[in-house]
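Fold and geometry: a report
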Amino acid sequence: MLAKRRPPLVAVLALSVTALLGRTLWVAGPNLIDTFGAVPPVPAAAGGGRSDGSRLSGDVVAVTQRPPGVGPTLPRRRARPAARVWDAAPPASAPQPTLRRLAQSLQEPSPPEVDLAYFVQVSAANVALLPRLMAAIYHPDNAYAVHFDVKVEAAVVADTLDKVGSALAALATEGAPSERQQGNNIKAQRTKVTLPENVLVMDRTPVTYRGITTVLNTLEGMSALLGYTRPAADRLSRAVADAERPPWTYFINLSASDYPLLSATATRRLLGRPDVAARQANFITLHPRTQWATATRNRYRRLVVDSGVGVLGATNTDPHLPAVATAVHPTSVVHPLWAKGGARPSTADAAPPALLAKGGAWMIITRPFVTYATSSSDARRALVAMANGLSSSEHFFPTLLLQPSWRDSVLPHALRAVCWDPDRTHGAAAGIMQHPNTIDLVVPDERAATRAAISDGKGVRGGASDGDGDDDMPPPSAGPFGARVAGSPYLFARKFSRPDAPLLDWIDAHRLGQGRRGEGSAQAATAEARAGTHVEWLLRQPPQQAVGA
């Protein structure tokens, strides 16, 4: 009887590998067709996903109708939907990514991010907006300094900080639900939460609109953030961490009336771009050079007194003291530098002795420039020179940034969406406006027109959509500036007046994305790509053209 011969080991291994490969191709066949087929996938940043802002999973690509002239793809093994879209994470039964796509995702480096420092100025008029703003811009690796004007009562400050603490605590656990979603439980939560260590609350000091105290207030916020260090177990480890990487790279000043148009993570990515870092870019809006002489003459020819600097150390920390009102007081005294030989200038059009640059009060600036603005002799001289003028915040930082050592770093826009529309002032005289439009207000006549248009079936959309449907535009209840906000390539918009504005709800859903700090919807990705294109355009501007020379 013949003995049975065993098959060779090589043959056994070959059969096993063949069986395993066949099973893998049978299970992952549709995914392989999507990956290697001739139809290109639709990227999320180009407007993929649903119009309601839901998220397109990264594991499944969206397949569109084949364009003319494109060759046929491989036949599908079994019918299945062209794309799968989820509002959150894919279910457990979702197809797994292919091996090739997994390898590509592991090889692609994550976009670089930079830590940011925010200085938020709060007044009595916008204090109610602070909790929602902080929830929208918060990131655990950023630093925040919050300043309340002395005119805000101490009880209001304490209540507002409780709301901020509750909003940030909810953000860390459940994606920052609004107060309406939290209901009555928010009152119980406010007594148990505290502010994170990266949120600094400054002493209340007087701030005068159009006075020098607005500049002093910003410099104090800069100094507070320069002294911020990352939380650590001990002082030595904190010093080592700060030496390896500064606690923050960019300084951004905001009013509580501002609101972001990109998520906190997207903003960190945009300012962390290699081309922005190579330029050491400082973002500030510059007015045309032809306006500088007129503004200098109108604001500095006569001396102005800011009552906010009348008393040193007037922080009004005692809750029983009344709020202190401050104002600017123009005098009849002509600045001595404007007179020739002790005589007053013969005409109001006399050339100024020194030309001050004119720009916006809002900026996104680098840490080295913040150090320069708070400690250099140039900054001290400029502060004294502008102490007795109007709207010094629109001259102090632009003038410093246009010094020879910083001029080439200037990108002439602060990346803020601000509307100056005289036709929307509803009764105010057209011409030069003192304040920008409040973009979340809807006046009664516009509400009536909106209701009439909806009842007629016409709809009111105020502009072309950049997405897949009408949901990509703010609803009519968002007001007349919704279309401008939807198409804006900037990082922030101002000014808002209501914490429950429908336009803010739309921004949360369509611009900040899901979870506010993480990756969001296709609309949020489109907004980030649009902002990146605008920054690229700014980087291509020659430095001399940027300063209007």
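Residues numbered from 1 in each chain as written. Predicted model: local features only at pLDDT ≥ 70, side-chain atom pairs only at ≥ 80, totals over all residues. Heavy atoms only, no water.

Further remarks concern the overall build of the chain. Looking only at helices and strands, the chain features 19 helices and 12 strands. The buried share of the chain, reckoned over its 549 residues, is 43%. Accessible area for the chain stands at about 28,400 Å²; split by element, carbon and sulfur atoms hold 58% of it. (Helix = DSSP H or I, 4+ residues; strand = E, 2+ residues; numbered from the N terminus. Buried < 20%, exposed > 50% of the residue type's maximum accessible area, 1.4 Å probe, protein only. Areas by Shrake-Rupley, 256 points an atom, 1.4 Å probe, with all protein chains shown as cover.)

In this section: the sheet that holds strand 5 (residues 259-260). The strand order across the open sheet formed by three strands is 5-12-11, and the pairing between neighbours is mixed. Taken across any chain shown, the strands that pair with only one partner, and hence form the sheet edges, are strand 5 and strand 11 (416-418). The pairing of strand 11 with strand 12 (residues 492-494) spans three bridges and is parallel. Residue pairing across strands places Ala417 opposite Ala493, the latter belonging to strand 12. (Pairing = 2+ DSSP bridges.)

With that out of the way, let us pick up the side chain of Arg279. Assignment of secondary structure puts Arg279 in helix 10 (residues 274-279). Of the side chains bearing the opposite charge, Asp408 lies closest to the buried Arg279, which forms no salt bridge; the N-O distance is 6.7 Å. (Lys, Arg positive; Asp, Glu negative; His and termini not counted. Salt bridge = Lys/Arg side-chain N within 4 Å of Asp/Glu carboxyl O.)

Within soluble globular proteins, side chains that are nonpolar generally end up buried alongside one another. The biggest cluster of nonpolar side chains holds 62 residues, and the ones touching the most others in it are Met134, Phe148, Tyr250, Phe283, Ile364 and Ile507. Ignoring any residue separated from it by four or fewer positions in sequence, one finds Tyr250 in contact with Val114, Asp115, Leu116, Ala117, Leu271, Val276, Gln280, Ala281, Phe283, Ile364, Ile365 and Thr366. (Core = buried A, V, L, I, M, F, W, Y, C linked by side-chain atoms within 4.5 Å. Contact = heavy atoms within 4.5 Å.)

This part covers empty space enclosed by the protein. Following the criterion strictly, the structure yields two cavities of 30 Å³ or more and no others. Roughly 30 Å³ of volume is contained in the second largest cavity. Lining the second largest cavity, in full, are Leu129, Arg132, Leu133, Ala256, Asp258, Tyr259, Phe496 and Leu504. Residues belonging to the lining of the second largest cavity are distributed by class as follows: six nonpolar, no polar and two charged. (1 Å grid on protein atoms, 1.4 Å probe; cavity = no way out; pocket = protein on both sides within 12 Å on 5 of 7 lines; lining within 4 Å. Points joined across faces, edges and corners; volume = space filled by probe spheres on them. Nonpolar A, V, L, I, M, F, W, Y, C, P; charged D, E, K, R; others polar.)

Now for the packing of helix 12 (residues 367-375) against helix 13 (residues 377-385). Where helix 12 contacts helix 13, the axes come no closer than 5 Å and their chain directions differ by 55°. The orientation of helix 12 with respect to helix 13, classified from their angle, is oblique. Crossing handedness for the pair helix 12 and helix 13: right-handed. Of helix 13, the residues touching helix 12 (which contributes Tyr372, Ala373 and Ser375) are Ser377, Asp378, Ala379 and Arg380. Its residues placed into classes, the contact of helix 12 with helix 13 shows three nonpolar, two polar and two charged. (Axes fitted to C-alpha atoms, helices over the stretch in contact; angles between N-to-C directions. Parallel < 35°, antiparallel > 145°, perpendicular 65-115°, else oblique. Left-handed = near helix turned anticlockwise from the far one by under 90°.)

Let us now look at the packing of helix 7 (residues 213-226) against helix 12. The relative placement of two packed helices comes down to the angle between their axes together with the axis-to-axis distance. Running from N to C, helix 7 and helix 12 cross one another at 125°; their axes reach a closest spacing of 10 Å. Our classification of the angle between helix 7 and helix 12 gives oblique. Crossing geometry of helix 7 relative to helix 12 is assigned as left-handed. Between helix 7, through Leu219, Met222, Ser223 and Leu226, and helix 12, the contact on the second element is made entirely by Arg367, Val370, Thr371, Ala373 and Thr374. When grouped by side-chain class, the residues that make up the contact of helix 7 with helix 12 number five nonpolar, three polar and one charged.

Residue placement: Arg511 occurs in helix 17 (residues 502-512). Within the structure, Arg511 has its side chain in polar contact with the backbone oxygen of Val485 (distance 2.9 Å). Not counting the four nearest positions on each side in its chain, Arg511 is found in contact with Leu261, Leu262, Ser263, Val485, Ala486, Ser488, Tyr490, Trp506, Ala524, Ala527 and Arg530. (Polar contact = N/O pair within 3.5 Å; in protein donor to acceptor, adjacent residues only side chain to side chain.)

So, on to the packing of aromatic side chains. Counting across every chain of the model gives 10 aromatic pairs. Here Tyr372 and Trp406 contribute two aromatic rings whose centre-to-centre distance is 5.4 Å and whose plane-to-plane angle is 45°, an arrangement assigned as tilted. Here Tyr372 is found in helix 12, whereas its partner Trp406 is found in the loop between helix 14 (396-401) and strand 10 (410-411), with 34 residues between them in sequence. Each member of the pair, Tyr372 together with Trp406, is buried. (Phe/Tyr/Trp six-rings, centres within 6.5 Å; stacked < 30°, edge-to-face > 60°.)

This part covers the sheet that holds strand 2 (residues 143-148). Strands sit in the order 3-2-1-4-9-6-10 across an open sheet of seven strands; the sheet is mixed. Sheet topology places strand 3 (199-201) and strand 10 at the edges, where each strand pairs with a single neighbour. In this sheet, strand 3 lies alongside strand 2 in parallel orientation, the contact comprising three bridges. In the sheet register, Tyr144 faces strand 3, and the bridge partner there is Val199. Seen against the sheet, helix 3 (residues 130-137) touches strand 1 (116-122), strand 2, strand 3 and strand 4 (250-255) and runs at an angle of roughly 170° to strand 1.

On to the confidence of the model for the chain, then. For the chain, mean pLDDT is 73; residues scoring 70 or higher make up 59% of the total. Segment residues 175-191: pLDDT under 50, and 21 contacts once partners within four positions in sequence are set aside and those in other chains are kept. Per-residue pLDDT stays below 50 along residues 445-470; that stretch engages in 30 contacts with residues further than four places along the chain or on separate chains. (pLDDT = per-residue confidence, 0-100.)

Looking now at helix 18 (residues 522-539). Because each turn of an α-helix spans 3.6 residues, side chains separated by three or four positions end up pointing in the same direction. Relative to the 26 Å expected for 18 residues at 1.5 Å per residue, helix 18 spans 26 Å between its end C-alpha atoms, a close match to the ideal helical length. Among all positions of helix 18, only Ala522, Gln523, Ala524, Thr526, Ala527, Glu528, Ala531, Gly532, His534, Val535, Leu538 and Leu539 are buried. Lining the buried residues of helix 18 we find helix 9 (264-271), helix 10, strand 6 (282-286), strand 10 and helix 17. (Expected span 1.5 Å × (residues − 1).)

This next bit is on unusual backbone geometry. Cis geometry marks the peptide bond from Arg494 to Lys495; its omega dihedral reads 0°. Inspection of the secondary structure puts Lys495 in the loop between strand 12 and helix 17. Positive phi, normally seen in glycine, also occurs at Arg210, with a value near 75°. Residue position: Arg210 is located in the loop between strand 3 and helix 7.

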